[in-house]
Amino acid sequence: MRFLDKIEEILSSICLIVMTVLTFANVVSRYVFSASFSFSEEITTYLFVLLSLLGTAIAAKRGAHLGLSIITDAVGFKARKVLNVIGFSIATVFCAAIFFYGIKMVMNQVLLGQVTAGMQWPEWIFGSFVPFGAFFATARFMQVLIAEVKNTPEKNDEEVAKS
């Protein structure tokens, strides 16, 4: 299960490594051979989409998403809890919508036989990065939402006392 706890970090690392290697190789190729790899920009762009969605999942898991803390810091525990539950609910629904419409997009790409501009690979391969990444974001926001609903004043007081 430890692997599943770090799956987003592992996949993000792989994306970053591939993006870095491809971009570096393309730059070297451009300056040494005066020719670039036509596929490198395309793959890097698609991996950036996946990396962004995985980053969303990582931030949700760590509780590192930006928020308007001026409001939540000024209210009591119950109001903060309500605001957090509303916020995490909206984030979960939003990511679930990206997941749902991402699947529809991939189905359309398969149905239409779309191919990428540079490599002429099936578009659905890279299009699947959207629902794949959105799945992780949805799951992590759901976990945070459930944890927030289960958060009781006693737990909150213990956390504040430890700080």
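Residues numbered from 1 in each chain as written. Predicted model: local features only at pLDDT ≥ 70, side-chain atom pairs only at ≥ 80, totals over all residues. Heavy atoms only, no water.

The protein chain is annotated in an unreviewed UniProt entry as TRAP-type C4-dicarboxylate transport system, small permease component of Faecalicatena contorta. Note on the protein chain: under the UniProt heading Subcellular location (unreviewed entry), the record states "Cell inner membrane". As recorded by UniProt, the Sequence similarities (unreviewed entry) comment attached to the protein chain reads in full: "Belongs to the TRAP transporter small permease family." (UniProt positions renumbered as here; feature names shortened; annotations may be inferred.)

(A) Up close: the overall build of the protein chain. Scanning the protein chain from N- to C-terminus turns up 8 helices and 0 strands. Along the chain direction, N to C, the helices and strands of the protein chain fall in the order α-α-α-α-α-α-α-α. Its C-alpha radius of gyration of 20 Å places the protein chain more than 25% over the 15 Å reference for a compact globule of 163 residues. Expressed as lengths along the three principal axes of its C-alpha atoms, the size of the protein chain is roughly 65 × 40 × 35 Å. A total of 163 residues make up the protein chain; the buried ones form 31% of that total. The long-range fraction of contacts in the protein chain, counting pairs at least 24 apart against all pairs at least 6 apart in sequence, stands at 73%. Entry remark: accessible area of the protein chain is about 10,700 Å², with carbon and sulfur atoms responsible for 71%. (Helix = DSSP H or I, 4+ residues; strand = E, 2+ residues; numbered from the N terminus. Rg over C-alpha atoms; globule rule 2.2 N^0.38 Å. Buried < 20%, exposed > 50% of the residue type's maximum accessible area, 1.4 Å probe, protein only. Contact = heavy atoms within 4.5 Å. Areas by Shrake-Rupley, 256 points an atom, 1.4 Å probe, with all protein chains shown as cover.)

(B) Representation of helix 7 (residues 129-150) within the structure. With 22 residues, helix 7 extends 32 Å between its outermost C-alpha atoms, agreeing within 8% with the 32 Å of an ideal straight helix rising 1.5 Å per residue. Every buried residue of helix 7 is listed here: Phe129, Pro131, Gly133, Ala134, Phe136, Ala137, Thr138, Arg140, Phe141, Val144, Leu145 and Glu148. (Expected span 1.5 Å × (residues − 1).)

(C) A look at the environment of His65. Residue position: His65 is located in the loop between helix 3 (38-62) and helix 4 (69-72). Residue contacts for His65: discarding those within four places in its chain leaves Thr56, Ala59, Ala60 and Phe141.

(D) Seen up close, the packing of helix 2 (residues 7-33) against helix 3. Put simply, helix 2 and helix 3 touch, their axes get as near as 9 Å, and they point 155 degrees apart. One way to sum up the angle between helix 2 and helix 3 is to call them roughly antiparallel. Every pair of crossing elements has a handedness; the one defined by helix 2 and helix 3 is left-handed. Residues that form the contact of helix 2 with helix 3 fall into these classes: 15 nonpolar, 5 polar and 4 charged. (Axes fitted to C-alpha atoms, helices over the stretch in contact; angles between N-to-C directions. Parallel < 35°, antiparallel > 145°, perpendicular 65-115°, else oblique. Left-handed = near helix turned anticlockwise from the far one by under 90°. Nonpolar A, V, L, I, M, F, W, Y, C, P; charged D, E, K, R; others polar.)

(E) View of the side chain of Glu148. The residue Glu148 is located in helix 7 in this model. Not counting chain neighbours up to four residues away, the residues in contact with Glu148 comprise Lys81, Asn84, Val85 and Phe88.

(F) Highlighting the packing of aromatic side chains. Going through the model one piece at a time under the given rule, you end up with 8 aromatic pairs. On the numbers, 5.0 Å between centres and 80 degrees between planes, the contact of Phe100 with Tyr101 is edge-to-face. Look at Tyr101 and you get exposed, because its relative accessible area is 55%. When the ring of Phe132 is compared with that of Phe136, the centres are 5.1 Å apart and the planes differ by 80 degrees; the resulting orientation is edge-to-face. Taken as a pair, Phe132 and Phe136 lie in helix 7 at a separation of 4 residues, close to a single helical turn. Overall, the relative accessible area of 39% leaves Phe132 in the partly exposed class. (Phe/Tyr/Trp six-rings, centres within 6.5 Å; stacked < 30°, edge-to-face > 60°.)

(G) The nonpolar core, seen in detail. Membership of the largest hydrophobic core comes to 20 residues, with the highest contact counts inside it found for Ile43, Leu47, Phe126 and Phe129. Secondary structure elements with two or more residues in this core: helix 2, helix 3, helix 5 (77-112) and helix 7. Broken down by element, this core gets its largest block of residues, 8 residues, from helix 3. Setting aside its immediate chain neighbours within four residues, Phe126 contacts Ile43, Tyr46, Thr116, Met119 and Trp121. (Core = buried A, V, L, I, M, F, W, Y, C linked by side-chain atoms within 4.5 Å.)

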